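Letter by letter, the chains look like this.
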Amino acid sequence: MESISQDINLKKIRDRLNAEKIKLWLPPYTTEDKERGIVPEDLIEAYSRDFSLDKDHVAQVLEELRLHALSKLAERDRFLNEGLATLRVKSDSRKPFPVECRLSLLGSELKTLIASYKNNELSPDLLKLICKGRVLNENTSLEDQGVKNGSDIMAMCMSSSEARLAKREAELAAVEKTRRAAELLSTRGDDDDHFHVQIADQSGKPIKLPREEQRALTVAMTLHEKGRAALKQKKISHALLLLLEADSEFSTCSSAILQTVDNYAILCLDIVWCYLLLKNLEQLPDADRRLTSSESCFKRSYGEKMERLAAIKGGTGTEQALFMRLYLLQGIVAFHKGDLIQAQNFFRRAEFVLTLLHVDEDQLNQVMMMGFSEREARLGLRARNGNIQQAVDHIMEKRKEIEENNKKAKMEWEQKMKGKRLGKTANGQQVNVEAYNSLVEMQFSKGASAEALRQCNNDISLAIEYLQNHPELFSLPDPGTKEKKFTITDEMIRQIVALGFDETQARQALQQYRGEIERAVEQLLANGGILPAISPSSSSSSFASSSSSSPDCSSGDDASKKRKKEEEREELDSLVSDINTDTSDHLDLTLSDEKEMLVMYQGMASSLQTQQQKQTASTSSPSSSSS
């Protein structure tokens, strides 16, 4: 109550000072050295009388207000000169305290900063920051959220259960957003000139799949890659949610496809690895099932003794890393089920494979000094059992193979994009790119070749005849390039009129030949001033579809569509930003975490086995002595 009363008195006196335009930070109230100056006695007496306060209390309040004003001025100067803003943070029932920071900080970074001011042991996840009635977004800068120098921040401390719930809700929202973007990507892969989706086999060659199968696999593999990216960032719970979403999508794919690729087996390993990192022993039955499924999938994809993999890739060294993790996880599951003998067997297998995969640091550095990345060097040495020269040859072969596959995929994609630009025929088929190229090689113009094939449903013989009967098509623009904007000026019309043509003819010619005066004049002279009209039926299907739009379609609809397209592009950019396109990325396991886990569980298994042997010996000794 006393604190509230003091605040009321301070506000009354501050309002009175403002009304009377008294500036306590200036002389005579403050000296040049910013020290306390002279406060007229009659001022103190007037305030004491008007507000029914003790004169000493009035003097004390005036001094507090003076110091506060000087502090605000210093904060303003610091912000202007150094860019450091001072925020006043109110937490619980404590007195507000200042926090200095730059307004470019993210909301999450401010949380961390405030947590360190308030209590070194307090987790930033337990804080919720509110400014001007709005909860601050963790992923947006303070400046973009309207936070300014001198802003008041309320820091609310949530309970652990509330923080867990908030984190879970945020993760679920992020996963749902990722799923929507992945589904959007799956529908845009074939006809988007910015995003190129390609599904390849174990050798990196593109796989041709039915539309629906490709859509399902694209979504599943995209979610899997996002989960792997989160796993690398140590966001384990978020990674698990994404991986489980990928698992759900894989379940919609046909079993025939899943049996030919190893993606699902790797996904199962990643999910069980998350269970282990989260110490989620309740999921042991599911982990056991997934590891069995993973092992079966590897055998189908690689062969019982990896002979199929050796035939495809010329070796099995790099894929052994997956088996090391498989054996380790199988051993851990067996250990927690109480089957120590089975666990030790799996641990011995994992240890043996780990020995095979060991890469000597000196050899790794030697290969890297030749200009190769650490990942390439490690995978190359594993693939060729530590032989440096063979590892280098292997890396070069892989580079060449990847380059050839990428070149082929790029050519196919460019052909597909070219077909898209050429439009569709009268019966709705895509214009045949090979037929189009043949016509262009015969010296027909590009625009005319595309239009002839559209009108003749890709029949090249009919298209040639059509072109011979319709010379006006040769003025059509190249469908492979974007049309440039043009403006017809009075000066351009005057130049053509000066040659003896009327204004209407001049304008028509300039319009038809997109502002090119020389071509317009040339065609007018060749045709006696009467240009052959291009029939409406000869326009491309893309133009025809746009011309059939409702006359009520407003520019607002176009703006809305453009905005939606931009939003979709942003979603897709965000989706692919941390997806690794390297087809060997999942094999580049340093195995340091796996090795540490193996040593720990081997020690626990040996210790438990020793205890069991001692118990067995102690229970059997009385019976042996009596006999």
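Quick caveat, the model's predicted, so the values are computed rather than measured.

What follows concerns the state of the cysteines. Applying the stated criterion across every chain yields a total of 0 disulfides. No disulfide involves C297; its nearest neighbouring cysteine sulfur is the one of C268, lying 7.6 Å away. On the accessibility criterion, C297 (1% relative accessible area) is buried.

Together, E566, E567, E570 and D573 make up a region of like negative charge exposed at the surface. Counting through the fold element by element, D573 comes out in helix α24 (residues 555-576). For D573, a relative accessible area of 34% gives the class partly exposed.

Counted at 1.5 Å a residue, the expected span for helix α6 (residues 211-232) with its 22 residues is 32 Å, and the 32 Å between its end C-alpha atoms agrees. Counting buried positions along α6 gives 16 out of 22 residues, so the element sits mostly inside the fold. After α6 finishes, the residue K234 shows a positive phi value of roughly 65°.

Here we take up the sheet that holds strand β2 (residues 97-101). Ordered in space as β2-β1-β5-β3-β4, the 5 strands form an open sheet in which the pairing is mixed. The open sheet has two edge strands with one neighbour each: β2 and β4 (134-135). Sheet contacts for helix α3 (residues 55-82): β1 (85-91) and β2; angle to β1, the most-contacted strand, approximately 130°.

Turning to the packing of α6 against helix α7 (residues 236-250), a few remarks are in order. Contact pair α6 / α7: the axes reach a minimum separation of 8 Å and the direction vectors enclose 165°. Taken as axis vectors, α6 and α7 run roughly antiparallel relative to one another. Considering the relative orientation of α6 and α7, their crossing is left-handed. Per-class residue counts for the contact of α6 with α7 are 14 nonpolar, 3 polar and 5 charged.

Right, let's talk about the environment of A350 for a bit. By the element assignment, A350 lies in helix α13 (residues 340-357). Overall, A350 belongs to the buried group, its relative accessible area being 0%. Each residue touching A350, except ones within four places of it in the same chain, is listed here: M324, Y327, L328 and L598.

The rules behind the values
- Counting starts from 1 at the beginning of each chain's written sequence and moves along it residue by residue.
- It should be noted that, the model being predicted, local features are given only for residues of pLDDT at least 70 and side-chain atom pairs only at 80 or more, the latter also being counted only at that level, while totals for whole chains, interfaces and linings use all residues.
- Hydrogens and water are ignored here; the side-chain numbers use all heavy atoms of the structure.
- Any two cysteine sulfur atoms lying within 2.5 Å of each other are counted as a disulfide.
- A simple rule labels every residue: compare its accessible area, found with a 1.4 Å probe on the protein chains alone, to the largest value its type can have, and call it buried under 20%, exposed over 50%, or partly exposed in between.
- For patch building, the residue pool is restricted to those with more than 30% relative accessible area and no salt bridge; the joining distance is 9 Å between like charges and 5 Å between nonpolar side chains (Val, Leu, Ile, Met, Phe, Trp, Tyr).
- Here the accessible surface of atoms and residues is derived via Shrake-Rupley with a 1.4 Å probe, and residues count as covered only by protein chains that are part of the display.
- Salt bridge, as applied in this entry: a Lys or Arg side-chain nitrogen positioned within 4 Å of an Asp or Glu carboxyl oxygen.
- Positive residues here are Lys and Arg, negative ones are Asp and Glu, while His and the chain termini are left out of the count.
- Think of each charge as sitting on NZ of Lys, CZ of Arg, CG of Asp or CD of Glu.
- For the purposes of this entry, the term helix denotes a DSSP run of H or I that reaches at least four residues, the term strand denotes a run of E that reaches at least two, and both are numbered from the N terminus.
- Every helix has an expected span of 1.5 Å times one less than the residues it contains.
- By this definition, two strands are paired if DSSP reports at least two bridges between them.
- Two residues qualify as a contact provided that any one of their heavy atoms is within 4.5 Å of a heavy atom in the partner residue.
- Lines fitted to C-alpha atoms define the axes, with helix axes restricted to the stretch in contact, and inter-axis angles between N-to-C directions lie between 0 and 180 degrees.
- Each angle receives one of four descriptions, namely roughly parallel if under 35 degrees, roughly antiparallel if over 145, roughly perpendicular if within 65 to 115, and oblique otherwise.
- The handedness criterion is simple: a crossing whose near helix is rotated anticlockwise from the far helix by less than a right angle is left-handed, and one whose near helix is rotated clockwise is right-handed.
- Polar here means any residue outside two lists: the nonpolar Ala, Val, Leu, Ile, Met, Phe, Trp, Tyr, Cys and Pro, and the charged Asp, Glu, Lys and Arg; Gly therefore counts as polar.

Nothing here speaks to function; it is geometry throughout.
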